[in-house]
Amino acid sequence: KQWYQRRVRGKPDQMQIFNPLLILVLIPTFEMVVYPLMKKIGIPTTPMVRIVSGMVLTALSFVIAAIVQTQIEARLDTYNTIHSTNYTFNELHLEANEFLRENQVHRLALIPQIFVLTCGEIMCSITGLEFAYAYAPVSMKSVCQSLLLLSNSVGNFLVIIFKKATSNYVEMFIMWAGLQMVGVVLIVVICLVMQGPLEEFKA
């Protein structure tokens with residue numbers, strides 16, 4: 001029975017499958033619906049606007065994750081108070097734990113943050129690849145795109161470093177959101193400084 005429940009119901013980690021599925025659905029949706037609608041109502045769709053908007057959405061996804069985590073921990077505190085127990089969040093992986101049966105947050109609560117994160121990924125990462133390809137010389141297009149992808153590795157390395165800053169998940173999600181907004185400020189400054197030279201180079 002336990003095997004059946006695990007296979008059929010799945011686990012929260014398996015919700016990550018929605019990210020690639022949403023990417024396949026949302027890429028044409030953004031190209032055919034979102035961006036034309038933005039232009040129609042007067043919102044620019046330049047690479048800078050797309051990238052900055054994507055980074056802001058990514059920060060927002062971490063805030064949503066922090067809200068969900070707050071709800072999980074609040075239910076745990078309530079359970080400990082009512083039942084005079086002292087469970088910690090790290091013990092919730094135990095499937096026999098009564099807390100899981102009575103107070104679990106549904107795994108679909110992860111969908112909003114995955115959706116917002118995917119939208120941010122489409123606006124930021126895909127636009128970044130297009131931007132690098134458009135402005136790079138013919139002989140450097142592959143190199144520039146490789147350097148852009150290399151930034152993902154640098155980001156993963158930074159995650160390893162900053163993850164040690166706190167073991168509290170809510171604080172961690174807020175920290176990621178704050179770091180992302182710092183990145184937003186930096187990319188805006190870089191875009192404003194480089195906009196003129198890039199336009200001259202492209203011309």
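Above: the structure in question.
The text that follows walks through the structure, step by step, so that each part is easy to find. (Residues numbered from 1 in each chain as written. Predicted model: local features only at pLDDT ≥ 70, side-chain atom pairs only at ≥ 80, totals over all residues. Heavy atoms only, no water.)

Our focus in this paragraph is the nonpolar core. Counting 10 residues, the largest nonpolar core is built from M15, L22, L26, F30, Y35, M38, I114, C119, I122 and M123. With 5 residues, helix α2 (residues 18-40) is the largest single contributor of residues to this core. Apart from the residues within four sequence positions on either side, F30 is in contact with Y35, P36, C119, I122 and M123. With 7 residues, the next largest nonpolar core counts V170, F173, M175 and W176 among its residues. (Core = buried A, V, L, I, M, F, W, Y, C linked by side-chain atoms within 4.5 Å. Buried < 20%, exposed > 50% of the residue type's maximum accessible area, 1.4 Å probe, protein only. Helix = DSSP H or I, 4+ residues; strand = E, 2+ residues; numbered from the N terminus. Contact = heavy atoms within 4.5 Å.)

Let's shift gears to α2. For an α-helix, the turn length of 3.6 residues means that residues three or four places apart are oriented alike. A maximum bend of about 50 degrees is found in α2 at F30. Among the residues making up α2, those that are buried are N19, L22, I23, L26, F30, Y35 and M38. Where α2 is buried, its residues touch α3 (47-83) and α5 (111-135). Backbone geometry just downstream of α2 places G42 in the positive-phi region, at approximately 90 degrees. (Bend = angle between axes of the 7 residues up to and from the residue.)

The full count for this structure, using the stated rule, is 2 aromatic pairs. Note on F30 and Y35: the rings are 5.6 Å apart at their centroids and 65 degrees apart in plane angle, and the pair reads as edge-to-face. Exposure class is identical for F30 and Y35. Each is buried. Ring centres of F162 and W176 lie 6.5 Å apart, and the angle between their planes is 80 degrees; on these two criteria the pair is classed as edge-to-face. One end of the pair, F162, is in helix α6 (residues 141-162); the other, W176, is in helix α7 (residues 169-202), and 14 residues separate them in sequence. Residue F162 is classed as partly exposed on the basis of its relative accessible area, which comes to 31%. (Phe/Tyr/Trp six-rings, centres within 6.5 Å; stacked < 30°, edge-to-face > 60°.)

Geometry only, nothing functional implied.
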